[in-house]
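Below are the chains, spelled out letter by letter.
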Amino acid sequence: MRWFCCRRAEELDHLLREHSSSLDEPLFVQIAGNDEAAVRHAAAALARRWPHAHMVGMAGPLPMAGEANLAVGVASMTSSTVSSLALPADEFDRPDGLAALIAEAVVRHDTTLLLLFTNHRSALPPLLRHLPLANERMVIIGCALPEGSVLFSPDGRLERGGIAVSFSGTALRGHCAAPFLWEPVGRSFSITKSSGQQIDELDGQKPSWYLERYLGKEFMDRLPLSGVEFPFLIERNGRDVCLPIVALHSDGSVAVRGHVHDGEKVRFSYVHAPSLYWSARDAAMHAAKQSAEGMFFYYSAALSGYTRPLFDGVMSAFGQAAFFPAVEVFVKDAHTATAVRTAAFAAVSLTETAASAENSLSSPLPAPPEGIMTLAQLMSTSSRDMGRLHVRLQMSEQRYKSLFEHNTDIVYSTDLHGRLTSVNPAFEQVLGYKKEEILYTNSLKYIHPNDVPRVTRYFYRALRGNIQTYNLEIPTKSGERLLFQMKNIPIIVDGKKVGIYGIGRNITEQKKAEEKISYLAYYDIDTNLPNRTKWMELFSKQLDKAKQKQRTIAVALIDLDRFKWINDSVGHYAGDDILRQLVERIRRVLPPSAELGRFHGDKFCLLFPLKTEAQAATEAALRIVREVARPIVYDGKEFFVTASVGLAMFPDDGEDEHALLRHADMAVNMAKKGGGNRVERYCPEMNAEMMHRLEMDGYLRKAIEENELFLCYQPIVDVHTGAVIATEALVRWRNPKLGLVRPDEFIPLAEETGLIHEIGRWVLQTACRQTKQWQRETGNDKLAIFVNVSAVQFQHERFVDDVKQALKQSNLLPSCLRLELTEHSMLRHLSSTMRTLDELKRLGVGIAVDDFGSGYSSFHYLKQLPATILKIDRAFIERLHTNASDAAIVKAIITMGRGLGLETIAEGVEALEQLERLRDLQCSYAQGYALCPPLVAEEIAAYMTGRQMNQL
């Protein structure tokens, strides 16, 4: 590659004479100058000498460097190619289409450099963004020319449009130095009004005001060139972006090259002279080390201002580089990908030979002009100090705004006489006064006259330097009284107190909340009765009085019978409403001065007045029971609730609160055991029964680990063939001290204490394991097991997991397990019951409805429940062979079951006549003493073996 250049028109003739013989046919010629005639003359001379060269000529108001009046660069390449394309002016409106045209015409897979020249300044960045990079080495440089400039190509003069030139070749190497040299200076400004590429307001002011104040009128007169030297700088995505000011409008707004948005912050910037010096030096050093055979140096108008002397000086270090001016220079390469960066200059060195590490600068880089570097240092340091000062000022202002303007508390200031000098927006919003109507009026005017002496004392204490805190009611303009927690702070300026700051936090709602919290802590929210804590306080005080005056006192506990059934059937919301009605009824029949409280749920406590005797307390309790028992109508339906009442008397039944309540609780339990809807007074015998229950509870807790529980099994027989198709597991408890305990004694206790879950889990595992063993011994792998499940056990969240675990441990098929549930347990919490039943059905476990026919809603819900078996209640079987009505009911149940595809099992078959009648009615299966009583596992095994032998 061979390269020649000149920087003055007078040197062109010498260039042509000296190199005309050595350059047979150069590939690229570039010319630039201010004088269009001189550029046209030079272009004609060069075209005559090398008519086939690709040529770019630029003429117009270009910022020429140094003393140059004409810049010429001529490149001849041995193994590389140059392509050029004139760009029509009307294509710049479609940057994507124009980019595709350029890529197709002049870009190859080995293109190293693509140059673009146009006077369509605003269209150049979008065009570069759409142009693709052919490889990782490729660099695109765009030069925006000033308005009024013209371009020359081999085809002639271009008034509008542009030229694209590409340099391609596998041996061609290039390097581009394109530094961003602008540095922000001074404070930042918020764009408060903008549209597209126009800024209408900065911090609420016209931009022209800031331009004249900070940059001066000369800057405004030199636009748009000065707008490139001192552009706005904005930070986007972590990097600085130049926004050159391209025009100043008559309304004070400015146009910038680039879109802006409200809320963005901009700062003025300038070309940093030290950075320019060192960037130019680095570019020159790299070109020397690369043995650059040619260099294009494109520089923007940013280097034509105060840095011009420095720039002119460093030009000499670039040797045979051709310097070409532009208004703005843009660069795109592999480092920026799709982004386009603005550069102060772009120095592109090209070579077709290998680099040499021994090369050095053609001439030493001259020292920068005196004062330029110092001035730049002064500007940078001053700008940083100004920035820090501005940040501190902003922080101080923000703190003030947070304390004063943005504070949700009312904030105000007064002078030494108490006159208001400022109020914050919260003061106006909360109290309803406008700032204009209250400023410079006395602050005492706005409080109640009774509070004036107190507030005055606080005011003067604050002026003496003591911060004052107090509560004060302040009426709003509308008359509403609000409670504030006030704080008075002295205002000190230059060591002198000039007034006070007042800060008031509205604690009206807080006070109401505290009162509500206090109420909720002592009263029941549903019934407005004293809760247990409050009632115990009243009880303790009343008991102290009774002890001092040696009076009797009566206490009662009231427990609503089976109220949970109402909640389960109509829901808790309706249940609470019914409960409130019952409380009102009880209140109507209470003796005067009696205190009714709610302990929890459907349990209430009643404290009778002093001197109430046992007879009077009993009569009052009976009135309560009768009043509660009256029907309640809710939502058009009648509900029946009863109450159990337990009485205890001081001093006969206890000396302190705990003893009296404990004994009243025992009396309530005795009333409930007697069927409810009654009054019981405590008697000492109740202690013995309670101790028995506690003893039973203690024994039952050890029953499983001590192996005291065992299972009996009762066969379920096919009434037609006599075959044993299943057994029912029945839990039994034999305690060393109590002997054999009936299930109806310990099962309710287990449900009450929660032990039923552990017992039920053990029954499931034991029954499944035993059934699997019988299947192996008898060879009957269809033998099933029926296991009773209590309502409490069935509602447990882990019940289904317990079933799965029992089946897994025993290896019993799910189809061989039948779970027996009563109608009542299945209808409790119907939605959750259905989910559990569906899970069991998917598992393959059978569901048997136990005691079917005893509930009033069995037929209504039967279609919804995923049951597989109906067990006919023993009450219908007992008189089946003697009572026609019972026979009809059993027949109806069997027929209905068959219609629904359900098996039927008759429970409690005690006589052979009952069995014969069940055969006649086409019942499937039966169990009872007439067939076989419950037996232990070993006896059942012998029974089943005997049955098999008889069938053979």
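Residues numbered from 1 in each chain as written. Predicted model: local features only at pLDDT ≥ 70, side-chain atom pairs only at ≥ 80, totals over all residues. Heavy atoms only, no water.

Right, let's talk about unusual backbone geometry for a bit. For the peptide bond that leads from Leu 223 to Pro 224, omega is 10°, which places it in the cis range. Secondary-structure assignment places Pro 224 in the loop between helix H6 (216-221) and helix H7 (225-229). Despite not being glycine, Asn 677 has its phi angle at roughly 60°, a positive value. By the secondary structure assignment, Asn 677 is in the loop between helix H19 (657-673) and strand S35 (678-681). Looking at Asn 677, the relative accessible area reads 36%, which means it is partly exposed. (Helix = DSSP H or I, 4+ residues; strand = E, 2+ residues; numbered from the N terminus. Buried < 20%, exposed > 50% of the residue type's maximum accessible area, 1.4 Å probe, protein only.)

This part covers the nonpolar core. Formed by 74 residues in total, the largest nonpolar core has its most connected members in Leu 700, Val 803, Leu 817, Leu 819, Val 890 and Leu 918. The biggest single contributor to this core is helix H22 (residues 756-778), with seven residues. Counting 39 residues, the second-largest nonpolar core is a separate cluster that includes Phe 28, Met 58, Ile 141 and Phe 296. (Core = buried A, V, L, I, M, F, W, Y, C linked by side-chain atoms within 4.5 Å.)

The next subject is the environment of Phe 459. Its location among the elements puts Phe 459 in helix H13 (residues 452-463). According to the relative accessible area criterion, Phe 459 is buried, its value standing at 10%. Taking the C-alpha atoms as reference points, Phe 459 and Pro 490, separated by 31 residues in sequence, lie 9.1 Å from one another. In this structure Phe 459 touches Thr 414, Asp 415, Leu 416, His 417, Gly 418, Asn 488 and Ile 500, once residues within four positions along its chain are discounted. (Contact = heavy atoms within 4.5 Å.)

Once that is clear, we can look at the sheet that holds strand S24 (residues 410-414). Taken together, the five strands give an open sheet; going across it, the order is S25-S24-S28-S27-S26, and neighbouring strands pair in antiparallel fashion. Two strands lie at the open edges of the sheet, namely strand S25 (420-423) and strand S26 (468-475), each paired on one side alone. Taking the axes of each pair of neighbouring strands and ignoring which way they run, one obtains an average angle of 30° across the sheet. Pairing geometry for S24 and S25, over three bridges, is antiparallel. Its bridge partner lying in S25, Ser 413 is registered against Ser 422. Contacting S24, S26, strand S27 (481-493) and strand S28 (496-506), H13 crosses the sheet at an angle of about 140° to S26. (Pairing = 2+ DSSP bridges. Axes fitted to C-alpha atoms, helices over the stretch in contact; angles between N-to-C directions.)

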